[in-house]
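Residues per chain, in single letters:
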4 protein chains.
Amino acid sequence: MASWRSRIVQADAESIRIHGYSVVDLMRRASFVETIFLLQRGRLPSAGERKLLDALLVGIADHGSGAPSCAAARLVASGNRQSLSAAVAAGVLAIGDHHGGAGEAAMEMIAAAGKMMQNGQMTAALAAEKTIAEYRRRGTHLPGLGHRVHTSDPRVETVFGMAEAEGLAGIGIEFMRALEVAARAQIKPLPLNIDGALAAILFDLGFAPQAGMLIFLIGRVAGLAAEVAEEYERERPMRIRIDVEYDGEPPREIK
Amino acid sequence: MASWRSRIVQADAESIRIHGYSVVDLMRRASFVETIFLLQRGRLPSAGERKLLDALLVGIADHGSGAPSCAAARLVASGNRQSLSAAVAAGVLAIGDHHGGAGEAAMEMIAAAGKMMQNGQMTAALAAEKTIAEYRRRGTHLPGLGHRVHTSDPRVETVFGMAEAEGLAGIGIEFMRALEVAARAQIKPLPLNIDGALAAILFDLGFAPQAGMLIFLIGRVAGLAAEVAEEYERERPMRIRIDVEYDGEPPREIK
Amino acid sequence: MASWRSRIVQADAESIRIHGYSVVDLMRRASFVETIFLLQRGRLPSAGERKLLDALLVGIADHGSGAPSCAAARLVASGNRQSLSAAVAAGVLAIGDHHGGAGEAAMEMIAAAGKMMQNGQMTAALAAEKTIAEYRRRGTHLPGLGHRVHTSDPRVETVFGMAEAEGLAGIGIEFMRALEVAARAQIKPLPLNIDGALAAILFDLGFAPQAGMLIFLIGRVAGLAAEVAEEYERERPMRIRIDVEYDGEPPREIK
Amino acid sequence: MASWRSRIVQADAESIRIHGYSVVDLMRRASFVETIFLLQRGRLPSAGERKLLDALLVGIADHGSGAPSCAAARLVASGNRQSLSAAVAAGVLAIGDHHGGAGEAAMEMIAAAGKMMQNGQMTAALAAEKTIAEYRRRGTHLPGLGHRVHTSDPRVETVFGMAEAEGLAGIGIEFMRALEVAARAQIKPLPLNIDGALAAILFDLGFAPQAGMLIFLIGRVAGLAAEVAEEYERERPMRIRIDVEYDGEPPREIK
């Protein structure tokens, strides 16, 4: 096998370095969130960038045991008490295009709109209108808009306000705000959700679309770890059996 | 199905609360690491507790692509480019009793030693001696000691020093230091490793043994996310085929 | 890295062999179940062994969408439609000591009882009595007995009858039958369940205890694949939100 | 939560039925592979269909420990000896678009070609030519062709020959053979691989494209179970550390 290669970690008998920084220095002088930023971007964040990433990760960490990620983790903990990792991993697996993954799709949408908007060629309002038309034509949902539970997700304005206060708001926030307004006018009230806010902020911070999913994963694992710990502590194994109604073939014989 | 129950998150149309705190307040005023502490313990940490948990998570985040967790994540990314979650989950699964999981076993060992030591009934040195005798009798490795790569893991003294500076060092650190000394005298030089340091600190901060594994998982997912992103960016799918030497049955016929 | 080694598969540019047999010959002359036996045991099964392993795998394949394995797989399919593998893997993860895994524990119990019984030193009835006393002393459930749904699992007698007809019934079946009788007399009616039957048959066929879990995994994946396909076909993504009642801290402020 | 629904399994206190058939009857009279067919298709297979599905599953079961699925499973077993399921699940996760998943893509390609060919509107040769042109235009690899190891995969002709002998060869086989010929003429020699053969046969048996992935998963789990058992039996935990060459930032200081 050809040897593997990596630009992330350099480890030998005496030291461990992440993107060139000694891990011991990072432990003393950087927070976990700064290290997450470093691991993704290859550089340490500014104070404002750190603050926004902290807020996003807090906002994502847990949204209740009934979400597919948390429920899957708890079901696995219910059947398999041999490995905490197995339960956390099942929660991770539930995160995808329809759960947490809208961030990635929304970042791609913002990137496309951003190209139309840059250098003031097009207003955010017009880019939003064109985007809606395009998604309607393709019959695709607008990622980052709409929520089953919240009529207005309180996390969205919080993090947008923080970005503005830090001078870090850019095309991402501008476009997503315009998209919400245009959707209300042209479709129906579809409030910005946390995936959309995550995408807007990460775009304005210069992250690649993939980070929409990866940052969600990192944040949610904090919640999954707590959900799994609660399942072990409070519930007996195999307590859960979801009711299922059978609507298939009636009894029959093998011929 | 009987309805599920949880003490962690309360969510309705207008608000989300974690252990009673509004998630919006947490986003504004607490860091991600404070939220991790809150999720595990039901209360926010002191400044010193926060600092130590930050340092632990930074120290754990990544140790190179060759560790089983990172390598498993990258192999899954190599075969399956459909889901970032699938690759991260495979990395999570590799974390267990022999990789990252020593923290849990070490916390149980410290808890047992702590019972002997409390109220000054027994010195740390004597508790360490008794522990070594007991583990030898059972033929079990001492968790938290020994490392394949490092002769002395630089992360250990860093975090122990921070705990002492914050006035948060307790029986965990005292016992693990004594265990290292006793092991050197009675067995061979076995330097404290990061799992042992994690266990000592988490014990002194009042975490349950299970947290040894869960905190490791949370920290390492930050590294896994970066490793998987690098695999997607730099390597072609299916690039990896590990060489395997066959040493089984010679060719034979079905009779 | 030292090269890996394996006794299972030998593959080169022209041929693939499993434990020495050409895979092409196996495709033509052996069934999938015979290949499963070969992979686990290093030899092809007799006709009777093949018949019993087939019956076990059929009996295990699926037991309804509400079981933790199937429900976890469907929840993951609900959030993550990017990867069929992710959903199937989550179902696999739910299989453990409390779901499907009793087979492994039951095989260890039978192995211990078998040592007491061999060479006619002790009757199955006495070994069962001693086993019950021992498990009660340790406060452990008897693996392979008891079922939440079935008062008498129809799969058990079916496979035991097949083993007897094939002349393959041994100490495993004898002991598990005796255990059921003794448990009814000394504890309460605890019917043999499919894990117990699996363990008895696999023991009599000469499998190692670990196979209790591995054979369950192989059988159940057939069901998981069907459950996941049905979820994709019949249900919209993110349809599922389990109701959770919050019983934790009341609202509070960050101080 | 709205109750779940399923057409697959009906279970109550006395019986378990799969698509209407009593599981006890299936255990006595059907093989595991017939049950796999039943679970996927809702009906039992003919003798020829059963034979082909058996041959496919045997052909897929294992291809050596160095494949990403097997290597990921073994790496997880190396770090985490707490749960056999965790190791098998990691192997499942490695199966995706670039490993085993070509079957799904190839079935979609065949379905498109089949529409051109049906009712004798177009020859297989012409449909193959058009398909190659189309994939070239899109810059996409032809799924089901080409192999890193085998110049001619012996499994392909075996299963095609069996399909022809059983009178079950149809458009799938005809088209894939024509595609191989056309690719050799227009691109370079690209032998049909096992994914392509799987796709051709499953298409001719009337399976949906998704089954390309699901059948691969079911077959490979048999191999994964054996690989994981061998890892537990023959290798010490944490034996594996893949060599990684660091090619990132040189050492630097936090400013």
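So, how was this worked out
Residues numbered from 1 in each chain as written. Chains lettered and ligands numbered in written order. Predicted model: local features only at pLDDT ≥ 70, side-chain atom pairs only at ≥ 80, totals over all residues. Heavy atoms only, no water. Least-squares fit on C-alpha atoms with pLDDT ≥ 70 in both. Contact = heavy atoms within 4.5 Å. Core = buried A, V, L, I, M, F, W, Y, C linked by side-chain atoms within 4.5 Å. Buried < 20%, exposed > 50% of the residue type's maximum accessible area, 1.4 Å probe, protein only. Buried area = accessible area lost by both parts, 1.4 Å probe. Salt bridge = Lys/Arg side-chain N within 4 Å of Asp/Glu carboxyl O. Helix = DSSP H or I, 4+ residues; strand = E, 2+ residues; numbered from the N terminus. Nonpolar A, V, L, I, M, F, W, Y, C, P; charged D, E, K, R; others polar. Pairing = 2+ DSSP bridges.

## Considering the relation of the copies chain A and chain B
Next, step 1: Once turned by 180° and shifted 0.0 Å along the axis, chain A lies on chain B with an RMSD of 0.0 Å. Considering both components of the superposition, the chain copies are consistent with a two-fold axis. Minimal C-alpha distance to the rotation axis in chain A is attained by Ala89 of chain A, lying at 2.3 Å.
Next, step 2: In this assembly the copies share their binding face: 100% of the residues contributing to the interface of chain A also contribute to that of chain B.

## As for the nonpolar core
Burial of nonpolar side chains together is a common tendency in soluble globular proteins.
Next, step 1: Ranked by size, the top nonpolar core spans 383 residues in total, and within it Ile215 of chain A, Ile215 of chain B, Ile215 of chain C together with Ile215 of chain D carry the most contacts.
Next, step 2: With sequence-adjacent residues up to four places away left out, Ile215 of chain A is seen in contact with Ile36, Gln40, Leu53, Leu57, Ile60, Leu198, Leu202 and Phe207 of chain A.

## Things to note about the interface of chain A and chain B
Next, step 1: Across the contact, 80 residues belong to chain A and 80 residues belong to chain B.
Next, step 2: Between chain A and chain B, the buried area comes to about 6,900 Å², and carbon and sulfur atoms account for 68% of it.
Next, step 3: Three residues, Trp4, Met27 and Phe32 of chain A, lead the burial of chain A against chain B; their summed loss comes to 13% of the area buried on that side.
Next, step 4: Linking chain A with chain B are two salt bridges, by the criterion used here.
Next, step 5: For Glu235 of chain B, the salt bridge identified is with Arg5 of chain A, shortest N-O distance 2.9 Å.
Next, step 6: By residue number, the principal contributor to the side of chain A that touches chain B is helix α11 (residues 211-234) of chain A, which donates 15 residues.
Next, step 7: When the residues that make up the side of chain A that touches chain B are grouped by side-chain class, the tally is 45 nonpolar, 18 polar and 17 charged.

## Looking at helix α5 (residues 84-93) of chain A
Next, step 1: Most of α5 of chain A sits out of view: ten of its ten residues are buried.
Next, step 2: Buried within α5 of chain A we find Leu84, Ser85, Ala86, Ala87, Val88, Ala89, Ala90, Gly91, Val92 and Leu93 of chain A.

## Describing the relation of the copies chain D and chain C
Next, step 1: The operation relating chain D to chain C is a screw motion whose rotation component is 180°, with 0.0 Å of axial translation and a residual RMSD of 0.0 Å.
Next, step 2: Looking at chain D, 100% of its interface residues are interface residues in chain C too, so the copies touch through the same face.

## A word on the environment of Ile173 of chain C
Residues and elements named next belong to chain C.
Next, step 1: Among the structural elements, Ile173 can be located in helix α9 (residues 171-186).
Next, step 2: Looking at Ile173, the relative accessible area reads 3%, which means it is buried.
Next, step 3: Taking the C-alpha atoms as reference, Ile173 lies 14 Å from Pro143; in sequence the two are 30 residues apart.
Next, step 4: When neighbours within four sequence positions are excluded, Ile173 is seen to be in contact with Phe160, Ala163, Glu164, Ala200, Ile201 and Asp204.

## Notes on the sheet that holds strand β4 (residues 21-22) of chain D
Adjacent strands of a sheet pair through backbone hydrogen bonds, lying either parallel or antiparallel.
All names here are of chain D.
Next, step 1: Spatial strand order, β2-β3-β4: three strands in an open sheet with antiparallel pairing. Of all strands in the sheet, those with a lone pairing partner are β2 (9-11) and β4, marking the two edges.
Next, step 2: Bridging between β2 and strand β3 (residues 16-18) involves three bridges; their strand directions are antiparallel. Pairing of Gln10 across the sheet is with Arg17, part of β3.

## Observations concerning the interface of chain D and chain C
Next, step 1: With 80 residues of chain D at the contact, the number on the chain C side is 80 residues.
Next, step 2: Here chain D and chain C share an interface that buries about 6,900 Å² over both sides, 68% of which is from carbon and sulfur atoms.
Next, step 3: Among the residues chain D hides against chain C, the three largest losses belong to Trp4, Met27 and Phe32 of chain D. Together they make up 13% of the total.
Next, step 4: Viewed at the interface, chain C and chain D are joined by two salt bridges.
Next, step 5: Among the elements that make up the side of chain D that touches chain C, the one with the highest residue count is helix α11 (residues 211-234) of chain D (15 residues).

## Quick look at the pattern of salt bridges
Next, step 1: Taken as a whole, this structure holds 60 salt bridges over all chains when the rule is applied.
Next, step 2: Between Arg234 of chain A and Glu230 of chain A there is a salt bridge, and its shortest N-O distance comes to 3.4 Å. Placement of both Arg234 of chain A and Glu230 of chain A in helix α11 is noted, with a separation of four residues, approximately one turn of the helix. Residues Arg234 of chain A and Glu230 of chain A agree in their burial class; the two are buried.
Next, step 3: Here Arg234 of chain D makes a salt bridge to Asp247 of chain B, at a shortest N to O gap of 2.6 Å. Within this pair, whereas Arg234 of chain D is found in helix α11, its partner Asp247 of chain B is found in the segment after β5 (244-246), the two belonging to separate chains.

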